[in-house]
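The primary structure of each chain is shown beneath.
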Amino acid sequence: MLVKPGEKIPVDGVVVEGASSVDESLVAGESKPVSKRPGDRVIAATINLEGLLVVKAEKTGRDTYIAQVIELLRKIQESRSRAQDLANRAAKWLTIIALSGGSATLVAWILVGADAAFALERAVTVMAIACPHALGLAVPLVIARPTALAATSGLLIRSRVGFEKAKDINAVVFDKTGTLTRGEFGVTDIVLLDESLEEEELVRLAASLEQHSEHPIARGIVSFAEERGLRLGEVEAFKALPERGVTGVVDGRRVMVVSPSYLRENGIMVADERIARLAEQGKTMVYVLLDGWLAGAIALADIVRGESREAIRRLRAWA
């Protein structure tokens, strides 16, 4: 099948032709796009970002990764917890007691001379009051509801027994991406390599070009420019370079926003301590070329959620 830029990959498969970046944040939680080339596997429901991909289907329908996650949730809903097993055992014995009490009531009233209708009425009353139907219905419902609520919030509970033991947790380990962070790229640093250029102009030119791209990095740069109130220019001759960046003409200037791999392939050397320091911090770097000359670099990283600090503070207070 042919998967065009911006389309969702419909099945699990393997790339047989083409090169692109794929947004796998839905299944992996990682905001950084994953490079895909022939021989690499792709997952259903992930999004092809920039290049054309020819994919050979390997798993469809219920066999796909997403379908297996859904099936896992279904099995969890059907699984029985320790509390539910205890409730069922208690309900079993209470049912026996209720039936025994009702039978004893029926026999007792008949022995004292009451008619059958009167005795039966009293027996049914005893069984109706003593029957543990509320216990058998309420406990499964109370247990199933938190599991469903957790799933809608992105928390997959694989074991209800483990969920019940959560009250004994004394350490929490967070995976940063999509948990403490928003799973979206944001601009953190701007490095100017052309002293005649200002930061805002560099960002404006880059954002003007990137507004025509659906890449997560492009969205981060455009959002940053919009937050600063920068006026984006018109773009001509826009062209996407799969896994390398984008190029076009903005306000009469040839602008390119490219990845480090593009610089390496074209023999463009970058010897700047500021850029090296940002790269060592794990930030994603893109470079801006104006009329063929390296003008600057933009560093991006996953944006920390505003509520992360409060969440950690509350966890520490709870501990």
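This text follows the structure it describes.
**Notes on the overall build of the protein**
Then, in step 1: For the protein, the count of helices and strands is 12 helices and 13 strands.
Then, in step 2: For 319 residues, the compact-globule formula gives about 20 Å, and the C-alpha radius of gyration of the protein, at 31 Å, lies well above that figure.
Then, in step 3: Across its three principal directions, the C-alpha atoms of the protein cover 110 × 50 × 30 Å.
Then, in step 4: Relative to its 319 residues, the protein shows a buried fraction of 34%.

**A few points about the side chain of Thr284**
Then, in step 1: Relative to the elements of secondary structure, Thr284 occurs in strand β12 (residues 284-290).
Then, in step 2: Looking at Thr284, the relative accessible area reads 12%, which means it is buried.
Then, in step 3: The contact partners of Thr284, leaving out residues within four places of it in the chain, are Lys32, Phe185, Ile217, Ile298, Ala299 and Leu300.

**Here's the deal with the environment of Asp85**
Then, in step 1: When you line up the elements, Asp85 lands in helix α3 (residues 82-111).
Then, in step 2: Measuring from C-alpha to C-alpha, the distance between Asp85 and Pro140 comes to 9.6 Å, with 55 residues separating the pair along the chain.

**A short note on the sheet that holds strand β8 (residues 181-192)**
Then, in step 1: Strand order across the open sheet formed by six strands is β8-β13-β12-β11-β10-β9, with antiparallel pairing between neighbours. Lying at the two open borders of the sheet, with one neighbouring strand each, are β8 and β9 (235-241). Neighbour-to-neighbour, the strand axes of this sheet turn through a mean angle of 20°, independent of strand direction.
Then, in step 2: Most of the contacts of helix α9 (residues 216-227) go to β8, to which it runs at about 65°, and overall it touches β8, β12 and β13 (293-304).

**Considering helix α11 (residues 273-280)**
Then, in step 1: The residue sitting at the N-terminus of α11 and contributing the capping side-chain oxygen is Asp272; that oxygen lies 2.8 Å from the backbone nitrogen of Arg274.
Then, in step 2: One or two steps after α11, the chain reaches Gly282, where phi turns positive at roughly 85°.

**Here we look at the pairing of strand β11 (residues 253-258)**
Then, in step 1: Two elements, strand β10 (residues 245-250) and β11, share six bridges in a ladder whose sense is antiparallel. Pairing of Gly248 across the sheet is with Val255, part of β11.
Then, in step 2: Connecting β10 to the next strand, β11, in antiparallel fashion are two residues, including Asp251 with a positive phi near 50°.
Then, in step 3: When β11 meets β12, the two strands line up antiparallel, connected through four bridges. Within β12, the residue paired with Val257 across the bridge is Val288.

**Observations concerning the packing of aromatic side chains**
Then, in step 1: Evaluated as defined, the whole model comprises one aromatic pair.
Then, in step 2: Between Trp109 and Phe118, the ring centres sit 5.0 Å apart and the planes meet at 80°, which makes this aromatic pair edge-to-face.
Then, in step 3: For Phe118, a relative accessible area of 27% translates into the label partly exposed.

**Re the nonpolar core**
Then, in step 1: Ranked by internal contacts, the top residues of the largest apolar core, which has 27 residues, are Ile221, Val288, Ile298 and Leu300.
Then, in step 2: Taken together, the elements giving at least two residues each to this core come down to β8, α8 (199-210), α9, β10, β11, β12 and β13.
Then, in step 3: Once residues lying within four places of it in the same chain are set aside, the contact partners of Val288 are Leu202, Ala206, Val255, Met256, Val257, Trp293, Leu294, Ala295, Gly296 and Ile298.
Then, in step 4: Core analysis: the second largest hydrophobic core is formed by 14 residues, Tyr287, Leu289, Leu294 and Ala297 among them.

Rules used in this analysis
- Residues numbered from 1 in each chain as written.
- Predicted model: local features only at pLDDT ≥ 70, side-chain atom pairs only at ≥ 80, totals over all residues.
- Heavy atoms only, no water.
- Helix = DSSP H or I, 4+ residues; strand = E, 2+ residues; numbered from the N terminus.
- Rg over C-alpha atoms; globule rule 2.2 N^0.38 Å.
- Buried < 20%, exposed > 50% of the residue type's maximum accessible area, 1.4 Å probe, protein only.
- Contact = heavy atoms within 4.5 Å.
- Pairing = 2+ DSSP bridges.
- Axes fitted to C-alpha atoms, helices over the stretch in contact; angles between N-to-C directions.
- Polar contact = N/O pair within 3.5 Å; in protein donor to acceptor, adjacent residues only side chain to side chain.
- Phe/Tyr/Trp six-rings, centres within 6.5 Å; stacked < 30°, edge-to-face > 60°.
- Core = buried A, V, L, I, M, F, W, Y, C linked by side-chain atoms within 4.5 Å.

Just geometry here; none of it tells us what the structure is for.
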